[in-house]
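Residues per chain are reported as follows:
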Amino acid sequence: MTTRRAFASVLALGGFSAATSLPGLRPARAQEAGGAIERIRASGKLRTAAIPGAEPFFHKDLLAGGWTGACIDMVRDMASALGVTPEIVEAQWGTSVMDLQTGKIDVMFALSPTPARALQIQFSDIAINNAFTAIAKPGLSVTKWADLDKPEIRVAFDTGSSHDIFVRRSLPHCTPVAVQSPTDAIMALQAGRADCVVQVVVIAAVMHARNPAVGTLVLPQPVVHQPTCVGVPVSPDPRFLTFVNNWLLYNRSGGIVQEWMYKALRASNVDPASLPPGLEF
């Protein structure tokens, strides 16, 4: 019987040939000249970025310095399928596209596609169909997004993220409060510098579970879904993106992506059953 690991390994290794590198190309182009999979296998490493304070996707152990989380499980599995080891560097959402462009990393998990980003990098098929939520301060009634789209409402979000893009596009009349990380957004709410925080539901659920008294977690209407994908560098060779899509399809259809997400949510004291309906892993 062919195992899941063996199947993924066949996808990674089958039918790849080397090409001649071309001089004078930008770093991302140069690394792709012989094919991304050949380069990754030759280096023995699959490099990705992790975002501090972005549980359940990424969690940094501040004492030991190691990383856990759903996306860490994903990169480990993908690296194993390629026959290499994962290498994780710390970054921010706002720099992840540039990190892919310049060849600093090979792949980025939990990245939301936008037309602007798609001009710079390539995206996989949907990994998680997320949704935007709000954590509103005590006493602030929020049932629909229009309740937040007012100049007197200060909305916190982490800069360069999908939260940033959503707030600036969908809540143009609010007062934006741009901070560095999802944790900083919650701190702004706690300190009274913001009236609410906008985050995708899986991140918001973790933040709210840490301190339920900070406010009320709501799913404003209408529900706005936010797909989460895997980002890779632009390349004339489609094989790496094809591999990523096959790896993703295999793990989604087998329920493995859901297992990784549920495991990470439980590690953050979030019961997956408490999440609003409509999420797809």
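The structure we're discussing is the one just above.
A short tour of the structure in this document, coming up.

About the criteria used
- Within every chain, residues take consecutive numbers counted from 1 along the sequence as written.
- Local features are withheld for residues below a pLDDT of 70 in this predicted model, meaning they are given only at 70 or higher, and side-chain atom pairs are given and counted only at 80 or more; totals for whole chains, interfaces and linings count all residues.
- Computation of side-chain values: all heavy atoms of the structure, hydrogens and water removed.
- Put simply, DSSP marks the helices as runs of H or I at least four residues long and the strands as runs of E at least two long, and each gets a number from the N terminus on.
- For every residue, the accessible area obtained with a 1.4 Å probe (protein chains only) is divided by the maximum for its type, and the residue is called buried under 20%, exposed over 50%, and partly exposed between those limits.
- Here a residue-residue contact requires only that any non-hydrogen atoms of the pair lie within 4.5 Å.
- Calculation of accessible area relied on Shrake-Rupley with a 1.4 Å probe; when residues are assessed, cover is drawn exclusively from the protein chains displayed.
- What counts as a salt bridge is simple: a side-chain nitrogen of Lys or Arg found within 4 Å of a carboxyl oxygen of Asp or Glu.
- Cysteine sulfur atoms are paired as a disulfide whenever they fall within 2.5 Å.
- Working definition: rings of Phe, Tyr and Trp (its six-membered ring) pair if their centres are within 6.5 Å, and the pair is stacked with planes under 30 degrees apart, edge-to-face with planes over 60 apart, and tilted otherwise.
- Here, a strand pair is defined by DSSP locating no fewer than two bridges between the strands.
- In this analysis, the expected span of each helix is defined as 1.5 Å times one less than the number of residues it contains.
- Whenever a nitrogen or oxygen atom comes within 3.5 Å of another N or O atom, the pair is scored as a polar contact, on the condition that within protein one atom can donate a hydrogen and the other can accept it, and that pairs from neighbouring residues in sequence are kept only if both atoms are in side chains.
- Every axis corresponds to a line fitted to the C-alpha atoms, with the helix fit spanning only the stretch in contact, and the corresponding angles, defined between N-to-C directions, vary from 0 to 180 degrees.
- Here is the rule for angles: anything less than 35 degrees is roughly parallel, anything more than 145 is roughly antiparallel, 65 through 115 is roughly perpendicular, and the remaining ranges are oblique.
- As a working rule, the residues Ala, Val, Leu, Ile, Met, Phe, Trp, Tyr, Cys and Pro are called nonpolar, Asp, Glu, Lys and Arg charged, and the rest polar, with Gly in that last group.

Things to note about the overall build of the protein
Move 1: Tallying secondary structure elements over the protein gives eleven helices and twelve strands in all.
Move 2: Considering the protein as a whole, with its 281 residues, one finds that 51% of them fall into the buried category.
Move 3: Of the contacts formed within the protein by residues at least 6 apart in sequence, a portion of 71% connects residues at least 24 apart.
Move 4: Per element, the accessible surface of the protein, about 12300 Å² overall, is 57% carbon and sulfur.

Concerning the pattern of salt bridges
Move 1: With the rule as written, the count across this model stands at twelve salt bridges.
Move 2: Residues Glu-38 and Arg-239 are paired through a salt bridge, measuring 3.1 Å at the closest nitrogen-oxygen approach. Linking Glu-38 in helix 3 (residues 36-43) with Arg-239 in helix 10 (residues 239-253), this pair joins segments that are 201 residues apart in sequence.
Move 3: Judged by its relative accessible area of 19%, Glu-38 falls in the buried class.
Move 4: The partly exposed category is assigned to Arg-239, whose relative accessible area is 22%.

Section: the state of the cysteines
Such a bond, covalent and formed between the sulfur atoms of two cysteines, is termed a disulfide.
Move 1: Considering all chains together, one arrives at zero disulfides under this definition.
Move 2: Left unpaired, Cys-196 is separated from the closest cysteine sulfur, that of Cys-174, by 7.4 Å.

Some words on the packing of aromatic side chains
Move 1: One pass over the structure, following the stated rule, counts six aromatic pairs.
Move 2: Ring centres of Phe-240 and Phe-243 lie 6.4 Å apart, and the angle between their planes is 15 degrees; this geometry places the pair in the stacked category. Of this pair, Phe-240 and Phe-243 both sit in helix 10, three residues apart, which is roughly one turn of that helix. Each member of the pair, Phe-240 as well as Phe-243, carries the same accessibility label: buried.
Move 3: Counting every residue linked through ring pairs, the aromatic cluster contains Phe-109, Trp-247 and Trp-260.

A short note on helix 3
Think of an α-helix as turning once every 3.6 residues; residues three or four places apart then point the same way.
Move 1: When helix 3 is considered as a whole, its buried residues turn out to be Ala-36, Ile-37, Glu-38 and Ile-40.
Move 2: Backbone geometry just downstream of helix 3 places Gly-44 in the positive-phi region, at approximately 80 degrees.

What to know about the pairing of strand 7 (residues 128-136)
Move 1: With nine of nine residues buried, strand 7 is to be regarded as a mostly interior element.
Move 2: Along strand 7, one buried face is formed by Ile-128, Asn-130, Phe-132, Ala-134 and Ala-136 and the opposite face, lined by Asn-129, Ala-131, Thr-133 and Ile-135, is buried too.
Move 3: Sheet topology places strand 7 next to strand 12 (residues 225-233); four bridges connect them, and they run antiparallel. Note that in strand 12 the partner of Asn-129 across the bridge is Pro-227.
Move 4: Bridging between strand 7 and strand 10 (residues 196-200) involves five bridges; their strand directions are antiparallel. The partner of Ile-135 across the bridge, within strand 10, is Val-197.
Move 5: In this structure, strand 7 lies alongside strand 11 (residues 216-218), joined through three bridges in antiparallel fashion. Considered in strand 11, the bridge of Ala-134 is made with Val-218.

With respect to helix 10
Move 1: Given a rise of 1.5 Å per residue, 15 residues ought to cover 21 Å, and the 21 Å separating the end C-alpha atoms of helix 10 matches this to within 8%.
Move 2: The set of residues buried in helix 10 consists of Phe-240, Leu-241, Phe-243, Val-244, Asn-245, Trp-247, Leu-248 and Asn-251.
Move 3: Positive phi appears at Gly-255, one or two residues downstream of helix 10, with a value of about 80 degrees.

So, the side chain of Ser-112
Move 1: Note on placement: Ser-112 falls in the loop between strand 5 (108-111) and helix 6 (115-118).
Move 2: At 3.1 Å, the side chain of Ser-112 forms a polar contact with the side chain of Gln-226.
Move 3: Those residues in contact with Ser-112 that sit more than four places away from it in its chain are Arg-117, Phe-123, Ser-162, Gln-226, Pro-227 and Thr-228.

Structural notes on the environment of Val-206
Move 1: Structurally, Val-206 can be placed in helix 9 (residues 201-210).
Move 2: Each C-alpha atom, one on Val-206 and one on Leu-265, is 7.1 Å from the other, the two residues being 59 residues apart in sequence.
Move 3: Not counting the four nearest positions on each side in its chain, Val-206 is found in contact with Glu-55, Pro-56, Leu-265, Ser-268 and Val-270.

Describing the side chain of Ser-181
Move 1: Tracing the sequence through the fold places Ser-181 in the loop between strand 9 (175-179) and helix 8 (182-190).
Move 2: Look past the residues within four positions of Ser-181 in its chain and what remains in contact with it is Pro-52 and Asp-158.

Side note on the packing of helix 10 against helix 11 (residues 256-267)
Move 1: Where helix 10 contacts helix 11, the two axes come as close as 5 Å, and the packing angle between them is 75 degrees. By the angle between their axes, helix 10 is roughly perpendicular relative to helix 11. Within the contact between the two elements, helix 10 uses Trp-247, Leu-248, Asn-251 and Arg-252 and helix 11 uses Ile-256, Val-257 and Trp-260.
Move 2: When its residues are assigned to classes, the contact of helix 10 with helix 11 shows five nonpolar, one polar and one charged.

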